[in-house]
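# Structure at a glance
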Amino acid sequence: MNRESNREKISAHNRDYVVVSPCRDEAEYMERTLDSIARQSVTPKLWLIVDDGSTDKSLEILKKYSEKYSFIKILTRENRGFRSVGPGVVDAFYAGLKTLNLNDYAYVCKLDLDLELPERYFETLMERMEADPRLGTCSGKPYNERDGRLVSERRGDEMSAGMTKFYRISCFEQIGGFVREVMWDAIDCHKCRQLGWYARSWDEPDLNFTHLRVMGSSQHGVLRGRSRHGFGQHFMGTGWVYMLATCMYRAIEYPFLIGGAAMFYGYIRARLRCDAILQDPELVAEIRQFQWRSLFVGKSRATAFIERKNNTRWNPENLSGGRALLRARISPAGEPGTGHTQGAQPGSEEVKGC
C-alpha cells in the first residue's frame, strides 16, 4: 500500500498516536512520567523511548516498565559522553523517528521524561484537534513544584510546550519536523503559522502538567540553561529590543534577576561572535514581524494577525516539500545511522550571523 492510500485510512477521529521520548540519565523523575502515561484515558499505540547513553538506572527502570506495558519499546544508542539539550534531544528524537512509519499514526508526540501529566491529557488534545482541523500542534501548560505549590512557567498561548510537543502528523510533515538547535520548540510553532496552521496551549485542569525539572536546568545548571536560551533566540533571528523585553519579563522568575541577565548575556555573546542564524529568511522576517507587533499590541493580537495573513496558505495536502526536508533532517547526508550531534546544521539550516 502506498503512502497516500495508507493516509486515507487515517480519519479525523483516529486516535492512534505515537510518543517518542529522548532519554539520558532520567532515573530521578522518569517513573512519575511512566506512571502518568500508563494511567492515560487513551494510551499511545506505541511509546518509543530512545535511551541516549544513560549512565544511571534509567535503562533498568525502562526494562521493568516495558515488560509490564506492551506499548512501551526501548531503543538504545551509544553513549556520546555528555548530555546535549536542544540539538542532542532532537537528534535522539530523530533516531527513534527513523524506525517508524508515520503513516501508521494520526498524531506524534515528542515527550520528555521529567513530566507528570493529568489522566485525560492526550484524550483532551485529540478532542481539540478533532474539533479544529487547522490545529497543527498543541499542549497544556507546564508548572513547577516549588515550596509545596505549583508555579506556572508562564508559556505563551501561541506555542505548544517543548517538553510535550503533540502534533498532527500532516502538520509535522509539512513543516519538515524540527531543526537541530536550541529554540527548535519555538521555531516549529512559527513555521506552523507561516503555513496556515494553528499552534496553541491552554491553561486548564485537564491539560496542565507538572514539569519536575526547572526549565533549562538539565545541562550544567539553570544559569547555563538561560544563557543557552539567549543563544537560541539569536539563532531564531530575534531582534535585540524584543530580546531585552523578554529578559525583563523572565527576570522575575527563578533564579530572580540573574536568570534574565544570563539570557541577555547569551544573546549578546552570540551576536558579537556572529553565531549562526536560521537559514529561512522569510520565516525569520515573519518572526520579527510577530515580535514587533507583540511589543505594541500583545501576543494574542499579533498571533491573530499572522494567522489571518497566512490563512490562504493552509493546504494540508501539500506535503512533498516538507517530507523531503524531514527526511533530510532525520538522516543528514554523510551522517552515520546514529544521527547528527551538536554542531553544524543538517539540511543547510544555518548561516553565519555577520
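The structure we're discussing is the one just above.
First, a word on scope: everything that follows refers to the structure included in this document. (Residues numbered from 1 in each chain as written. Predicted model: local features only at pLDDT ≥ 70, side-chain atom pairs only at ≥ 80, totals over all residues. Heavy atoms only, no water.)

### Regarding the pairing of strand 7 (residues 142-146)
- In this sheet, strand 11 (residues 209-211) lies alongside strand 7 in parallel orientation, the contact comprising three bridges. Across the sheet, Pro-142 pairs through a bridge with Phe-209, a residue of strand 11.
- Both strand 7 and strand 8 (residues 149-152) contribute to a ladder of four bridges, which runs antiparallel. Residue Tyr-143 lies in a different strand from strand 8, and its bridge partner there is Ser-152. (Pairing = 2+ DSSP bridges. Helix = DSSP H or I, 4+ residues; strand = E, 2+ residues; numbered from the N terminus.)

### Some points on the packing of helix 8 (residues 222-236) against helix 10 (residues 258-272)
- As a packed pair, helix 8 and helix 10 sit with axes 7 Å apart at the nearest point and diverge in direction by 45°. Accordingly, the angle class assigned to the pair helix 8 and helix 10 is oblique. By crossing handedness, the relation of helix 8 to helix 10 is classed as right-handed. Residue-level contacts link Leu-223, Arg-226, Ser-227, His-229, Gly-230, Phe-231, Gln-233 and His-234 of helix 8 to Ile-258, Gly-259, Ala-262, Met-263, Tyr-265, Gly-266, Tyr-267, Ala-270 and Arg-271 of helix 10. (Axes fitted to C-alpha atoms, helices over the stretch in contact; angles between N-to-C directions. Parallel < 35°, antiparallel > 145°, perpendicular 65-115°, else oblique. Left-handed = near helix turned anticlockwise from the far one by under 90°. Contact = heavy atoms within 4.5 Å.)

### Describing the packing of aromatic side chains
- Under the definition given, this model contains 18 aromatic pairs.
- A ring pair is formed by Tyr-65 and Tyr-69, whose centres lie 6.3 Å apart and whose planes are at 20°; its orientation type is stacked. Each member of the pair, Tyr-65 as well as Tyr-69, carries the same accessibility label: buried.
- Cluster of aromatic residues (ring-pair linked, three or more members): Tyr-17, Tyr-107, Tyr-121, Phe-122, Phe-166 and Phe-209. (Phe/Tyr/Trp six-rings, centres within 6.5 Å; stacked < 30°, edge-to-face > 60°. Buried < 20%, exposed > 50% of the residue type's maximum accessible area, 1.4 Å probe, protein only.)

### A short note on the side chain of Ser-54
- Here Ser-54 lies in the loop between strand 2 (46-51) and helix 3 (58-68).
- A polar atom in the side chain of Ser-54 sits 2.9 Å from the backbone nitrogen of Asp-25.
- Polar side-chain contacts of Ser-54 include one of 2.6 Å to the side chain of Asp-51.
- Once you skip the residues sitting within four places of it in the chain, Ser-54 turns out to touch Cys-23, Arg-24 and Asp-25. (Polar contact = N/O pair within 3.5 Å; in protein donor to acceptor, adjacent residues only side chain to side chain.)

### Some points on the side chain of Asp-112
- When you line up the elements, Asp-112 lands in the loop between strand 4 (107-111) and strand 5 (115-116).
- Within the structure, Asp-112 has its side chain in polar contact with the side chain of Lys-110 (distance 2.4 Å).
- Not counting residues up to four positions away in its chain, the partners in contact with Asp-112 are Thr-33 and Met-163.

### Concerning the nonpolar core
- Membership of the largest hydrophobic core comes to 43 residues, with the highest contact counts inside it found for Leu-97 and Phe-172.
- Elements represented by at least two residues in this core include exactly strand 1 (17-23), strand 2, helix 4 (87-97), helix 6 (169-174), helix 7 (184-194), helix 8, helix 11 (281-297) and helix 13 (320-330).
- In terms of residue count, the dominant contributor to this core is helix 4 (six residues).
- Leaving out residues up to four positions away in the same chain, Phe-172 has contacts with Phe-93, Leu-97, Leu-102, Val-108, Tyr-167, Gly-177, Phe-178 and Leu-326.
- Among the nonpolar cores identified, the runner-up in size contains 36 residues, and Met-30, Ile-61, Tyr-121 and Ala-161 belong to it. (Core = buried A, V, L, I, M, F, W, Y, C linked by side-chain atoms within 4.5 Å.)

### Structural notes on the sheet that holds strand 9 (residues 164-168)
- Strand order across the open sheet formed by seven strands is 3-2-1-4-9-6-10, with mixed pairing between neighbours. Edge strands, defined here as strands with exactly one partner in the open sheet, are strand 3 (72-76) and strand 10 (198-201). Put simply, the sheet's adjacent strands are angled 20° from each other on average, direction ignored.
- Pairing between strand 6 (residues 135-139) and strand 10: four bridges, direction parallel. Across the sheet, Leu-135 pairs through a bridge with Tyr-198, a residue of strand 10.
- Contacts between helix 3 and the sheet are confined to strand 1, strand 2 and strand 3, with strand 3 contributing the most and set at about 150° to the helix.
- Together, strand 4, strand 6, strand 9 and strand 10 form the strand contacts of helix 7, whose direction differs from that of strand 9 by roughly 25°.

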